[in-house]
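Chains, contacts and geometry: an overview
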Amino acid sequence: MDQIKEIFVRKDLCMGCHSCELACAVAHSASKNIYEAMGEHPMPKSRVYVETVSASVPVPILCRHCEDAPCMHACIAGAIHRTADQAVVTDADKCIGCWTCVMVCPYGVIGRHLEARKAYRCDRCQDRDQPACVSACPTKALVYQTVTDFSKDLRRKAAEELSRGEGR
Amino acid sequence: MAANQTYVIIGASAAGLSAACAIVKTEPEAKVTVLSEETDSPYFRPMIPFIISGEKSPADVAMTGQGPYQAKGIDLRLNTRVVSLDTHSNQVKTKSGDTVLFDRLLIASGSSPYIPRDIEGTGIKGVYALRTLAQARDAAQRSSSARHAILLGGGLLNLKAAFALLEKKVAVTLVVYSPEILSQLMEPDDAVMIRQALEHAGLKIMTGRSAKTIVQGPNGVKAVILDNGVDIPCDMVFIGKGVRPCVDFLKSSDMEIDQGVVVDPYTRTSRENIFAAGDVAVTFDPVTGNRVVTGLWTNAAEMGLCAGKNMAGDPTAYAGTFGVMNATQVAGLPFVSMGQVHPGSGDYEVHRNVSGNAYRKLVFSKEGKHLVGLVMVGDITHAGLYRYIMREQRDIRRVKEKIIGQTLTSAHLMYG
């Protein structure tokens, strides 16, 4: 089976510019245009959250599309399912805003439109080749790769650093 | 080891179908038979108030093929009520007299509404203890010409039913025996904001009162007489007093029953090939270790998933659940309640915080090392993160100020 691509975070490269959040909100707006998106109701929301661990350490947090996704099994409306490419997505038409998914998500990455009573979360931008947050990241702190490619890249970078350290 | 086993599951709701799907996923060749006493195909039970309001149709709430319930090849037998279990010959007997043989059995028979015996007239037409789609359809029809409904009990089911009835322009009076609504999920002070919102939305709420008699008229229920003698005319009555595990059919078996069916952390009963999950099962609170039975869809689905894996030979421990755990939104207010939410004057460190449209109560253990309970009203941001640290009993001293100040994120737990 072909490996699917996931969004990985290179925490060491994030500088906390929040470009990913902006791009995410625009990608999930009706107009897909930043100027028009600002006037939409409900206001388009980002599904990626750049949090800060301490004052100087930003960390982008987003849905992990967990294997036994607690939100998917918890949903009382059958609104959450896994797509063929393994993304866990919320069907807004079916969502009734009971927030059970919010109660069980250990990462705290499910957002809420309270008035519309609809939960929203990362869908890995189903209609794009590359998720908007990844495209927008200026430092490549967010990468869209398969697990194999991502770990291969990490190993290669570690090897380069090691060999530099040995003065070769 | 588990090849070519015959799996039988009693109950086709959250626990039963989660297990069935997990078995098929783990062992694609498995033969899985699910027995349901209902005549309707499986549906998302918590959605039935929307059938009353008309916001959803029965097709909208169908389970098969939705969310995680995508597995195919499960033999579902409707209208098949199990009346007894023989653990020696590994078979169950159905109401119609058939026997069904199993190698491995899951008891996921769920629960049924508790009907207080001291209320007279609970069998009258127009009195509902809402549990099934069939009842919801009936209630939907009756509500179309009803003017006033009296709801006995101040829990979540009745609140959801109340809003469904308000949608249908039926006036609603909630009669609650406890001093305040939602008494299972929070202390009276925690519920103030929600009660105000409910009353603002048009609900009439009477607390500290119970029903004594339901009075029959020519077209079913016509009034309720309260314990203070007051007689209130109505066309519908809803009894929302919680649920009890469905274990009657196990009385003659050797299953260990303590309210529900007792299981080990691997969802196995005292019999090696018999498992139980969902409302009918006795599980444990991960913090107190106490036995608990819950009536929550979410717990049932999670426990059923574990049971299915265990039955198919993939040992999976169930992490247990809090006796109290629920979330919803009523009258525009979202709220979450979980864990030890009734600290009373006990030995706990309790923080309460009101700000704008939000209320929060945090209950820490006496020595301040663990978060053990939580009520959030108005703002439920990161509720799942708190559930995680409560369930895993994380030492929270390092992040306690962030919990109290509501600035904790999962980044702190992963990289902090």
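Since the structure is predicted, the reported quantities are computational estimates derived from the model, not experimental observations. (Residues numbered from 1 in each chain as written. Chains lettered and ligands numbered in written order. Predicted model: local features only at pLDDT ≥ 70, side-chain atom pairs only at ≥ 80, totals over all residues. Heavy atoms only, no water.)

Moving on to the overall build of chain A. When helices and strands are counted, chain A shows six helices and eight strands. Each principal axis of the C-alpha atoms in chain A carries an extent, and together these give about 60 × 40 × 30 Å. Buried positions account for 48% of the 168 residues belonging to chain A. Restricting the contact set of chain A to residue pairs at least 6 apart, pairs at least 24 apart contribute 55%. Of the charged side chains in chain A, 22 are positive and 21 negative, and the gap between their average positions amounts to 2 Å. (Helix = DSSP H or I, 4+ residues; strand = E, 2+ residues; numbered from the N terminus. Buried < 20%, exposed > 50% of the residue type's maximum accessible area, 1.4 Å probe, protein only. Contact = heavy atoms within 4.5 Å. Lys, Arg positive; Asp, Glu negative; His and termini not counted. Charge placed at Lys NZ, Arg CZ, Asp CG, Glu CD.)

All right, on to the pattern of salt bridges then. Opposite charge on two side chains makes pairing possible when the charged atoms of those side chains draw close. Under the criterion given, the structure shown has 24 salt bridges over all chains. When the shortest N-O distance is used, the salt bridge between Arg10 of chain A and Asp12 of chain A registers 3.0 Å. Exposure remark for Asp12 of chain A: the relative accessible area of 56% places this residue in the exposed category. One salt bridge connects Arg131 of chain B with Asp279 of chain B, and the closest N-O pair in it is separated by 3.4 Å. Of the two residues, Arg131 of chain B is situated in the loop between strand S9 (127–128) and helix H3 (133–143) and Asp279 of chain B in the loop between strand S20 (274–276) and strand S21 (281–284); the sequence distance between them amounts to 148 residues. Residue Arg131 of chain B is classed as buried on the basis of its relative accessible area, which comes to 17%. Judged by relative accessible area, which is 10%, Asp279 of chain B ranks as buried. Within the structure, one salt-bridge network assembled from shared partners comprises Glu187, Asp190, Arg352 and Lys361 of chain B. (Salt bridge = Lys/Arg side-chain N within 4 Å of Asp/Glu carboxyl O.)

What follows is about the sheet that holds strand S14 (residues 220–226) of chain B. Residues and elements named next belong to chain B. Reading across the sheet, the three strands line up as S13-S14-S15 and stay open at both edges, with antiparallel pairing between neighbours. The strands lining the two open edges of the sheet, one partner per strand, are strand S13 (211–217) and strand S15 (231–233). For this sheet, the mean inter-axis angle between neighbouring strands, taken without regard to orientation, is 30°. The sheet contact formed by S14 and S15 spans three bridges and is antiparallel. Bridged to Ala223 within S15 is Pro233. (Pairing = 2+ DSSP bridges. Axes fitted to C-alpha atoms, helices over the stretch in contact; angles between N-to-C directions.)

The next point concerns the packing of helix H1 (residues 14–26) of chain B against helix H6 (residues 297–311) of chain B. Residue and element names in this part refer to chain B. Relative to each other, H1 and H6 sit at 35°, their axes nearing to 7 Å. Seen along the crossing, H1 lies across H6 with a hand that is right-handed. Touching Ala14, Ala15, Ser18, Ala19, Ala22, Ile23 and Thr26 of H1 are Trp297, Ala300, Ala301, Gly304, Leu305, Gly308, Lys309 and Met311, all from H6. Taken together, the residues of the contact of H1 with H6 sort by class into 10 nonpolar, four polar and one charged. (Left-handed = near helix turned anticlockwise from the far one by under 90°. Nonpolar A, V, L, I, M, F, W, Y, C, P; charged D, E, K, R; others polar.)

The next subject is the confidence of the model for chain A. Averaged over all residues, the pLDDT of chain A is 93; the fraction at 70 or higher stands at 98%. Within chain A, no element has a lower average pLDDT than helix H6 (residues 147–165) of chain A, which sits at 90, and none a higher one than helix H5 (residues 132–136) of chain A, at 98. (pLDDT = per-residue confidence, 0-100.)

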